[in-house]
Amino acid sequence: MIEMEGTDPVGTIARREGGTEPDYRRIGRRHLQFALAMGAWGGLDALLLRTALIAPELLPARTYDALFTTHGVTMLFLFALPAIWGFAYAVVPAAVGADRLAFARAGRLALRLLPAAALGIRAGAIGRLLGLEVAPVATGWTFYPPLSTRMSNPAVDLALVGLLAVVASTVLTAGCLLATVRRRRTVRWLDLDLFTWSVLTAAAMAVLSFPVLAAAAVFLLSDRLLATGFFAGSTGSPLLWQHLFWFFAHPLVYVLVLPPMGIVSHVVARFSGRQLVGRRTAIYATLAIGVLSFTVWGHHMFATGMDPRARIAFMYVTLAVALPSSIKAFGWLATLWRGTVRLTAPMETSIAAIGFFTVGGVTGVALAAVPLGAIYNGTHYVVAHFHFMLAGFVGLAVLAGAYYWFPLLTGRWYDPRLAALHLRLTAVGIAVAFAALLALGLAGLPRRAATYPAAYAPLHQLATVGAALVAVGQLLFVWNLLRSARSGPPAPVDPWAADGGPRRTTTESP
Amino acid sequence: MDTATHPSPSDAGLGPTTLVFAVASVACHGLVRLAERTLPAFLAALGWGPIAAGVVATVGLAVAVGIGGLGPGDSLPRAAVAALAALGLVVWAGAPAIDGLLGTPLSALGWLLVGATLLAAWNADGVVGPDGSGFAATGPLADTDGSRGAGDAGLLRDPRTRHLAGAVGTAGAAGLAAATFAGTGADAGFPVLAVTGAVCGLTAAAGGADRRRPDDPDRGDSPSRADPTPVTGVSDVAELRREWESLPAGVRTAAVGDGLVRAATSLVALSLVLVVDAGVSIAPGRSLPPLSAFALLVGVESLGALAGVAATPAIVERADPRRMLTGGLAVLAVVPLSVVAAGPDVAVLGVLFALFGARTALRPFRPTLGGRATAPPGADDDRRTVPRTPPTVRGAIRAALVLAPLAGGALYALSPVVAFGLATSLGLLGVRELSRSVG
Ligand code: HEM
Ligand SMILES: [Cu+2]
């Protein structure tokens with residue numbers, strides 16, 4: 001039933017046989033399709049948001065608040081997360097030598113919850129499109145009280161319900177993947193590939209952290225609908241929300257970043273023609289990130305007047321988390337160094353992702369240092385930091401995964417020239433957009449404000465140019481996928497074998 | 001399975017990246033044109049008058065003519081041309097605020113000049129090349145035969161295709177501009193156009209990055225070969241005078257006549273936006289903002305240009321070139337004054353703009369422009385030919401017309417009626433000269 005190629009389990013996904021597709025692959029594929037659609041919607045939000053910033057008359061300020069909220073929530077929960085789980089479903093069972101999912105029903109249910117999550121989270125926009133009297137949520141993706149408790153907009157309640165659906169779906173998926181590896185694995189633990197390790201760690205983190213979001217969302221709903229006082233009044237405190245939220249959300253960002261690290265590790269090793277340098281260390285670093293990232297949530301709250309001693313403690317654990325992250329980066333660079341590099345689309349995309357990871361990491365470490373964080377907290381600098389990580393690293397790594405697994409999932413080649421053009425536009429766009437935001441942040445411009453002094457207009461315009469370039473690039477990506485899935489040249493069973501791959505003129509470097 | 005089944009980049013032809021390059025270039029072209037045409041309104045919103053707009057256009061044109069004067073071998077790679085254009089548009093978009101950001105003392109006008117300089121390579125040598133609209137309509141690149149231009153995307157190799165594509169791009173950009181200006185004023189709308197154009201330019205740069213320019217022989221079959229001389233070519237005034245004096249009197253008169261008509265066009269093209277902006281706004285009960293109306297009019301103009309280019313072969317076949325030329329240019333000459341007279345009547349303005357755009361149909365017959373003005377083989381009726389001026393004279397005319405937008409701006413500052421009336425007088429004078437030479 002499964003065809004496996006010796007040394008590279010992730011490189012070969014069981015193919016459709018006799019018209020039947022294994023459950024895990026179907027669930028994975030559907031997750032990916034969902035993520036693609038939601039990514040388009042979230043991307044459209046971003047494009048409108050950038051337009052509102054350069055031509056405010058075209059979109060009212062209130063819309064701007066809604067746009068950055070729905071953009072963030074959509075990209076994190078409806079795009080990045082499902083995309084990552086999609087790859088995990090499609091790849092991990094084959095990679096661990098399992099013939100099927102354990103708890104396949106959980107996986108199917110997780111899939112079915114996604115549209116419900118989308119409906120809830122995007123209820124405001126959907127209602128608006130249907131002409132109803134609701135407005136999209138405009139609280140920011142962090143739903144901070146008291147703003148989120150005071151807004152009477154019913155779309156906020158629906159969005160919180162949507163988040164509960166995300167939690168349920170995620171926990172089911174994580175449980176399903178963990179159980180599959182534990183019960184159906186036929187490969188020794190230490191022989192598991194790095195992508196599988198990263199998925200395992202992320203799944204474990206998700207199981208531990210997402211229920212906290214569920215609890216916080218239930219409390220907030222109760223404050224809103226039942227007038228309880230968890231986050232307000234004499235009994236509660238808005239700070240409680242922040243603690244709960246960031247205790248969940250910092251692990252969330254590592255749930256989102258670890259599997260992409262796994263993809264990059266795999267792709268870099270594969271197209272350098274060697275094992276990842278420091279493979280064992282990389283596995284330990286992954287696990288270390290998993291544990292440590294539960295201890296650093298306070299670095300999002302430096303501005304809340306927390307006890308200085310706690311601040312210093314959070315600063316040091318945050319710097320400690322940066323350590324295993326940089327170990328990973330060094331492993332990639334060392335692998336590339338002296339490797340026999342084949343510049344395929346997944347490889348080029350991964351290399352660009354490593355570049356953005358470095359910038360995101362450096363800007364993050366600067367934020368973690370208390371004195372600097374105090375200055376840049378709440379400015380566009382933070383926006384630039386996490387977008388270098390999320391768009392630059394997570395986004396590009398997901399694209400690398402898409403190119404890498406496309407021939408395996410569809411049995412066809414994508415168009416390598418379009419892929420190269422797509423990558424060029426995406427990387428240049430991200431660099432331009434977020435370098436501009438970084439400059440705005442360094443100049444002290446606060447984030448989440450629709451208006452700004454005139455002198456900053458050129459930087460905002462530049463950021464808009466970058467964002468639109470990314471959008472153009474993704475149109476080409478989707479076009480390539482659709483076209484190639486139907487009429488691309490057939491790919492061999494092991495498309496990435498040393499002599500394989502769609503050729504471009506300079507695929508080989510000494 | 002063997003690697004032969006893998007797609008390879010040598011799959012020539014109209015691949016998807018070529019298509020992306022062509023579409024992005026055409027869109028960029030259109031947006032550059034719209035930005036150029038609305039620039040005076042943008043400057044007005046910033047508190048600058050028509051003379052400032054004339055300065056920007058004249059400087060941009062001077063650089064473009066200088067670049068056009070370089071030999072074809074000196075051309076920049078087309079990705080670089082597109083990237084420079086994108087940069088120029090970004091500078092335009094931010095012009096009013098860059099000083100505040102960087103602490104430079106250039107003022108908005110200074111940055112607009114920088115942007116115009118960056119855009120010059122695109123105007124001289126871009127994918128669509130000079131096509132007689134935008135700044136090009138206002139100066140020496142106006143109505144050139146499109147012999148320059150890196151339109152080597154296969155699609156766009158032939159100048160006629162290029163002009164068609166350019167008109168389509170301008171029409172599309174005009175639609176976008178109309179929508180933008182319907183929601184916002186010149187001060188915010190202009191940067192939106194410029195930013196969008198920059199995105200298209202960068203997309204073109206990315207799409208064109210791995211393609212080389214075609215070998216020159218490839219383009220040998222195109223009519224552009226008929227006039228391969230550099231655009232300026234006024235290296236030596238004495239030589240120019242010698243050449244001028246050696247020309248037959250009929251050719252000289254024709255050159256003067258056609259040159260006057262071109263000067264008339266160049267004087268007013270840039271100010272049209274100001275006329276419409278001022279004229280339409282006084283119309284009562286109008287829902288469309290004047291700038292939006294102007295953008296639509298530019299769209300109509302480019303449809304006129306499209307029709308003109310499309311009709312050219314048929315006209316060359318059938319019409320009597322001399323009557324065509326004098327008649328057509330006479331109509332063109334009365335357009336400026338009519339625009340001022342039309343006031344707020346958008347329907348009349350639409351007709352006038354369409355006629356203004358349709359002058360592309362006359363291009364082959366014009367003594368200082370046409371590449372195909374000679375008689376079709378076999379037709380030895382000399383009534384079917386018009387005089388053609390030699391390349392040096394054309395270069396001199398182009399160089400002289402660089403100053404037209406500045407002069408036009410100054411005249412407009414004096415009085416719109418004076419500027420547009422003078423343009424019409426000059427145009428009619430030119431037509432009279434022409435009819436003397438061909439009659
Ligand atoms: C080298 C590792 C990293 C360090 C040291 C770091 C540090 C920080 C710090 C200190 C903040 C708080 C900024 C503030 O509000 O003042 C922050 C915010 C953020 N970081 Fe990171 N970070 C790192 C990696 C990542 C990664 C890998 C991701 C995502 C994949 C990420 C996503 C975010 C997000 C989303 C926020 C902002 C949340 C918000 O306020 O909306 N970071 N980071
Ligand atoms: Cu964090």
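A quick note: this is a predicted structure, and the numbers were derived from the prediction, not measured. Once a new chain begins, its residue numbering starts again from 1 and follows that chain's sequence as written. Written order decides the labels, with chains lettered from A and ligands numbered from 1. For a predicted model such as this one, the threshold for reporting local features is a pLDDT of at least 70, and the threshold for listing and counting side-chain atom pairs is 80 or more; totals across whole chains, interfaces and linings nevertheless cover every residue. In computing side-chain properties, one takes all heavy atoms of the structure into account and sets aside hydrogens as well as water.

1. Quick notes on the overall build of chain A
Basically, it comes down to this: Secondary structure elements follow DSSP: runs of H or I of four or more residues count as helices, runs of E of two or more count as strands, with numbering from the N terminus. C-alpha atoms define the radius of gyration in this analysis, and the globule rule sets the expected value at 2.2 Å times the number of residues to the power 0.38. We call two residues contacting when some pair of their heavy atoms lies within 4.5 Å. To measure how exposed things are, a 1.4 Å probe is used in the Shrake-Rupley method; for residues, cover is taken only from the protein chains shown.
The helix and strand inventory of chain A stands at 15 helices and zero strands. The C-alpha radius of gyration computed for chain A amounts to 22 Å, which stays within 12% of the reference 24 Å derived for 510 residues, consistent with globular compactness. Summarising its shape, the C-alpha atoms of chain A cover approximately 65 × 50 × 50 Å along the three principal directions. For chain A, contacts bridging at least 24 residues in sequence account for 82% of all contacts bridging at least 6. Per element, the accessible surface of chain A, about 19200 Å² overall, is 68% carbon and sulfur.

2. Structural notes on the overall build of chain B
Put simply, the test is: The classification of residues rests on relative accessible area computed with a 1.4 Å probe and restricted to protein chains. Under 20% of the type maximum is buried, over 50% is exposed, and intermediate values are partly exposed.
A count of helical and extended segments in chain B gives 16 helices and zero strands. Residue burial in chain B is summarised as follows: out of 439 residues, 58% are buried. For chain B, restricting intrachain contacts to residue pairs at least 6 apart in sequence, the fraction spanning at least 24 positions comes to 80%.

3. So, the pattern of salt bridges
Residues and elements named next belong to chain A. So the rule is basically this: The salt bridge criterion pairs a side-chain nitrogen of Lys or Arg with a carboxyl oxygen of Asp or Glu, the two atoms within 4 Å.
The final tally for this structure, using the stated rule, is 15 salt bridges over all chains. For Arg483, the salt bridge identified is with Asp415, shortest N-O distance 3.4 Å. Of the two residues, Arg483 is situated in helix H15 (residues 457-487) and Asp415 in the loop between helix H13 (380-410) and helix H14 (416-442); the sequence distance between them amounts to 68 residues. Residue classification places Arg483 among the partly exposed positions, given a relative accessible area of 34%. Residues joined by salt bridges that share partners form a network here, namely Asp23, Arg26 and Arg108.

4. Focus on the side chain of Arg279 of chain A
Residue and element names in this part refer to chain A. This is how the line gets drawn: Polar contacts, as used here, are pairs of N or O atoms within 3.5 Å; protein pairs need one atom able to donate a hydrogen and one able to accept it. Residues neighboring in sequence count only if both atoms are side-chain atoms.
Checked against the element boundaries, Arg279 lands in helix H9 (residues 279-292). At 2.5 Å, the side chain of Arg279 and the backbone oxygen of Leu192 are in polar contact. For Arg279, the contacting residues outside a window of four places in its chain are Leu190, Asp191, Leu192, Asp193 and Leu194.

5. Some details on a nonpolar patch on the surface
The condition is simple: A patch consists of residues whose relative accessible area exceeds 30% and which take part in no salt bridge; residues with like charges are grouped when within 9 Å of each other, and nonpolar side chains (Val, Leu, Ile, Met, Phe, Trp, Tyr) when within 5 Å.
Together, Trp479 of chain A together with Leu19 and Val23 of chain B line one region of the surface with nonpolar side chains, adding up to about 250 Å² of accessible area. In this structure Val23 of chain B comes out as exposed when scored by relative accessible area, which is 52%.

6. Observations regarding the site of ligand 1
Residue and element names in this part refer to chain A. Cut-off, in case you're wondering: Proximity criterion: a residue is near a molecule or strand once any of its heavy atoms comes within 4 Å of it. Any residue outside Ala, Val, Leu, Ile, Met, Phe, Trp, Tyr, Cys, Pro, Asp, Glu, Lys and Arg is labelled polar, Gly included; the first ten of those are nonpolar and the last four are charged.
The immediate surroundings of ligand 1 are formed by 21 residues, with Trp141, Asn377, His385, Phe386 and Arg447 found nearest. Side-chain polar atom of Trp141 to an oxygen atom of ligand 1: 2.9 Å apart, as the coordinates give it. Side-chain polar atom of His385 to a nitrogen atom of ligand 1: 2.8 Å apart, as the coordinates give it. Going through the elements one at a time, helix H8 (238-270), helix H10 (308-336), helix H11 (345-368) and H13 are the ones with two or more residues in the shell around ligand 1. Partitioned by chemical class, the residues of the shell around ligand 1 number 13 nonpolar, seven polar and one charged.

7. A closer look at the coordination of the iron atom of ligand 1
Residues and elements named next belong to chain A. Cut-off, in case you're wondering: Donors, by definition, are the N, O and S atoms found within 2.8 Å of a metal, the threshold being 3.2 Å for Na, K and Ca, and water is not counted, so a site can look incomplete.
A lone protein donor binds the iron atom of ligand 1: His385 (NE2), at 2.1 Å. Taken as an interatomic distance, the gap from the iron atom of ligand 1 to the copper ion (ligand 2) is 4.6 Å. Tracing the sequence through the fold places His385 in helix H13.

8. With respect to H9 of chain A
Residue and element names in this part refer to chain A. The line we're drawing: To estimate the expected span of a helix, count its residues, drop one, and scale the result by 1.5 Å. Note that the arc is computed from the directions linking the helix axis to the C-beta atoms.
Its 14 residues place the ends of H9 20 Å apart at the C-alpha level, agreeing with the 20 Å of an ideal helix rising 1.5 Å per residue. Within H9, the full set of buried residues consists of Arg279, Ala282, Ile283, Ala285, Thr286, Ile289 and Gly290. Around the axis of H9, the buried residues are gathered within 160° of arc, so they sit on the same side. In this structure, the buried residues of H9 make contact with helix H7 (194-225), H8 and H10.

9. What about the coordination of the copper ion (ligand 2)?
Binding of the copper ion (ligand 2) to the protein goes through His250 of chain A (ND1), His299 of chain A (NE2) and His300 of chain A (NE2), at separations of 1.8 to 2.0 Å. For the copper ion (ligand 2), the donor residues sit on a single chain with the sequence spacing H-x48-H-H.

10. Observations regarding unusual backbone geometry
Residues and elements named next belong to chain A. Across the junction of Pro145 and Pro146, the peptide omega takes the value 5°, indicating a cis bond. On the secondary structure map, Pro146 appears in the loop between helix H4 (123-129) and helix H5 (147-150). Within the chain, Arg338 stands out as a residue other than glycine whose phi angle is a positive 70°. Looking at where Arg338 falls in the secondary structure, it is placed in the loop between H10 and H11.

11. Describing the confidence of the model for chain B
All names here are of chain B. Selection rule: How sure the predictor is of each residue is captured by pLDDT, a score from 0 to 100.
Summary statistics for chain B give a mean pLDDT of 81 and a share of 77% for residues scoring 70 or more. Low pLDDT (under 50) marks residues 212-234, which in the prediction has 52 contacts with non-local residues, meaning those over four places away or in another chain. Note on the complex model: pTM 0.90, ipTM 0.90.

12. Quick look at the packing of helix H1 (residues 23-54) of chain A against helix H3 (residues 104-121) of chain A
Residue and element names in this part refer to chain A. Where we set the bar: Lines are fitted to the C-alpha atoms to define the axes, a helix being fitted only along its stretch in contact, and any angle between axes, read from their N-to-C directions, falls within 0 to 180 degrees. Throughout this description, any angle smaller than 35 degrees is read as roughly parallel, any larger than 145 degrees as roughly antiparallel, any in the 65 to 115 degree range as roughly perpendicular, and the remainder as oblique. In this scheme, a crossing is called left-handed if the near helix is turned counterclockwise away from the far one by less than a right angle; it is called right-handed if the turn is clockwise.
Relative to each other, H1 and H3 sit at 15°, their axes nearing to 10 Å. On the basis of the axis angle, H1 is roughly parallel to H3. Considering the relative orientation of H1 and H3, their crossing is left-handed. Touching Asp23, Arg26, Ile27, Arg30, His31, Phe34 and Met38 of H1 are Ala104, Gly107, Arg108, Leu111, Leu114, Pro115 and Ala118, all from H3. Classifying every residue of the contact of H1 with H3 by side-chain character gives eight nonpolar, two polar and four charged.

13. Description of the nonpolar core
Here is the rule: What is meant by a nonpolar core is a set of buried Ala, Val, Leu, Ile, Met, Phe, Trp, Tyr and Cys residues, joined one to another through side-chain atoms within 4.5 Å.
The biggest cluster of nonpolar side chains holds 166 residues, and the ones touching the most others in it are Phe77 and Trp85 of chain A. Those residues within four positions of Phe77 of chain A in sequence are excluded, and the remaining contacts are Pro82, Ile121, Trp141, Leu163, Val166, Phe210, Leu213, Phe248 and Leu252 of chain A. Judged by nonpolar contacts, the second largest core, of 103 residues, contains Leu43, Phe294, Ile315 and Ala419 of chain B.

14. So, the packing of aromatic side chains
All names here are of chain A. In plain terms, the rule: Note on ring pairs: Phe, Tyr and Trp rings are taken, using the six-membered ring of Trp, and paired if centres are within 6.5 Å. Classes follow the plane angle, with under 30 degrees stacked, over 60 edge-to-face and the rest tilted. By definition, being over a ring means that NZ of Lys or CZ of Arg is both within 6 Å of the ring centre and within 35 degrees of the ring normal.
If you walk through the whole model with that rule in mind, you get 37 aromatic pairs over all chains. Note on Trp241 and Phe245: the rings are 5.6 Å apart at their centroids and 25° apart in plane angle, and the pair reads as stacked. Of the two residues, Trp241 and Phe245 both sit in helix H8, four residues apart, roughly one turn of that helix. Counting every residue linked through ring pairs, the aromatic cluster contains Phe87, Phe195, Phe271, Tyr403, Tyr404, Trp405, Phe406, Trp413, Tyr414, Phe477 and Trp496. Positioned above the aromatic ring of Trp189 is the side chain of Arg185, whose terminal nitrogen or guanidinium carbon lies 4.1 Å from the ring centre.

15. Some points on the domain arrangement of chain B
For interface size, the figure often reported is the accessible area lost on association. Residue and element names in this part refer to chain B. Put simply, the rule is: Reported domain spans reflect what an automatic or database domain assignment gives. Defined here as a combined quantity, buried area equals the accessible surface (1.4 Å probe) lost by two parts on assembly, summed across both.
Under the domain assignment, chain B is made up of domain 1 (12-208) and domain 2 (235-438). With 40 residues of domain 1 at the interface, the matching set in domain 2 holds 42 residues. Interface area, domain 1 with domain 2, both sides summed: about 3400 Å², of which 69% is carbon and sulfur. At the boundary of domain 1 with domain 2, the tally comes to one salt bridge. Note that Arg37 and Glu301 form a salt bridge whose closest N and O atoms lie 2.9 Å from each other. Only helix H1 (16-45), helix H2 (50-68), helix H5 (135-138) and helix H6 (159-183) provide two or more residues apiece to the side of domain 1 that touches domain 2. Per element, the largest residue contribution to the side of domain 1 that touches domain 2 is 12 residues, and it comes from H6. Partitioned by chemical class, the residues of the side of domain 1 that touches domain 2 number 25 nonpolar, nine polar and six charged.

16. Observations regarding H2 of chain B
One turn of the α-helix equals 3.6 residues, which is why residues spaced by three or four share an orientation. In a regular helix each residue adds 1.5 Å, so 19 residues correspond to 27 Å; H2 of chain B covers 26 Å between its end C-alpha atoms and thus fits that length. Burial in H2 of chain B covers these residues: Pro50, Ala52, Ala53, Gly54, Val56, Ala57, Thr58, Gly60, Leu61, Ala64, Val65 and Gly68 of chain B.

17. Digging into the state of the cysteines
This is how the line gets drawn: Two cysteine sulfurs form a disulfide in these notes if their separation is within 2.5 Å.
This model, assessed by the stated rule, comprises zero disulfides over all chains. In this model Cys28 of chain B remains outside any disulfide bridge; the closest cysteine sulfur is found in Cys200 of chain B, 6.3 Å from its own.

18. Section: the packing of H9 of chain A against H10 of chain A
Residues and elements named next belong to chain A. At a closest axis distance of 9 Å, the pairing of H9 and H10 adopts a crossing angle of 155°. Here H10 runs roughly antiparallel to H9, going by the angle between their axes. For the element pair H9 and H10, the recorded crossing hand is left-handed. Of the residues in H10, those touching H9 at Thr281, Ala282, Ala285, Thr286, Ala288, Ile289 and Leu292 are Ala320, Val321, Pro324, Ser325, Ile327 and Lys328. Taken together, the residues of the contact of H9 with H10 sort by class into nine nonpolar, three polar and one charged.

19. A closer look at the environment of Leu390 of chain A
Residues and elements named next belong to chain A. Summarising the element assignment, Leu390 is placed in helix H13. Look at Leu390 and you get partly exposed, because its relative accessible area is 24%. Through-space distance from the C-alpha of Leu390 to that of Ala329 is 16 Å; in sequence the pair is 61 residues apart. Contact partners of Leu390, with chain neighbours within four places excluded, come to Leu76, Leu256 and Gly395.

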